[in-house]
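Here is what each chain is made of, one letter per residue.
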Amino acid sequence: MANLESTFIAIKPDGVQHGLVGEIIKLFEQKGFCLVAMKFFQASEEQLKQHYIDLKDRPFFPGLVKYMNSGPVVAMVWKELSVVKTG
């Protein structure tokens, strides 16, 4: 039997602003995935720099951090078989 997988999914500021949180959650639930954690928050610039540290040398890094800091995000953890590939 295959092991359950966990994955992190974030709804970015524009998704939150456009009211897509419920729709996105519904899509994952319809696939049979289990939501195990969710947090609605405004990420700080330092949190974002740390989260995207692997991209720090890319030319788009400052814009990415600015965009992700432009509004609240919804951070989620989903669990199920093949959730990583689907996510």
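Residues numbered from 1 in each chain as written. Predicted model: local features only at pLDDT ≥ 70, side-chain atom pairs only at ≥ 80, totals over all residues. Heavy atoms only, no water.

J.: I keep staring at the nonpolar core and nothing clicks. Help me out?
T.: Across soluble globular proteins, you tend to see nonpolar side chains buried next to one another. Counting residues in hydrophobic clusters, the biggest one holds ten residues: I9, I11, V16, I25, F28, F33, V74, M76, W78 and V83. For this core, the elements supplying multiple residues, two or more each, are β1 (5–11), α2 (21–30) and β3 (73–80). It is β3 that provides the largest number of residues to this core, a total of three residues. In this view, F28 contacts I9, F33, W78 and G87; residues no more than four positions away in its chain are not counted. Formed by eight residues, the second largest nonpolar core is a distinct cluster that contains L48, F61, L64 and V73. (Core = buried A, V, L, I, M, F, W, Y, C linked by side-chain atoms within 4.5 Å. Buried < 20%, exposed > 50% of the residue type's maximum accessible area, 1.4 Å probe, protein only. Helix = DSSP H or I, 4+ residues; strand = E, 2+ residues; numbered from the N terminus. Contact = heavy atoms within 4.5 Å.)

J.: Is there a simple way to think about the sheet that holds strand β2 (residues 34–41) in this case?
T.: Taken together, the three strands give an open sheet; going across it, the order is β1-β3-β2, and neighbouring strands pair in antiparallel fashion. Every interior strand has two partners, whereas the edge strands, β1 and β2, have only one. Strand after strand, the sheet turns through a mean of 15° between neighbouring axes, direction not considered. Where β1 and β3 come together, seven bridges link them in antiparallel fashion. The residue bridging E5 from the neighbouring strand is E80, located in β3. Across the sheet, α2 is in contact with β1, β2 and β3; its angle to β3 comes to roughly 5°. (Pairing = 2+ DSSP bridges. Axes fitted to C-alpha atoms, helices over the stretch in contact; angles between N-to-C directions.)

J.: Whenever I open this one, the pattern of salt bridges confuses me. Can you help?
T.: Where charged atoms from two side chains of opposite charge come close, those side chains can pair. Overall, the coordinates contain two salt bridges when judged by the stated rule. For E45, the salt bridge identified is with K49, shortest N-O distance 3.0 Å. One end of the pair, E45, and the other, K49, are both in helix α3 (residues 45–51), four residues apart, so they sit about a helical turn from each other. Judged by its relative accessible area of 31%, K49 falls in the partly exposed class. Between K56 and D57 there is a salt bridge, with the nearest N and O atoms lying 3.8 Å from each other. (Salt bridge = Lys/Arg side-chain N within 4 Å of Asp/Glu carboxyl O.)

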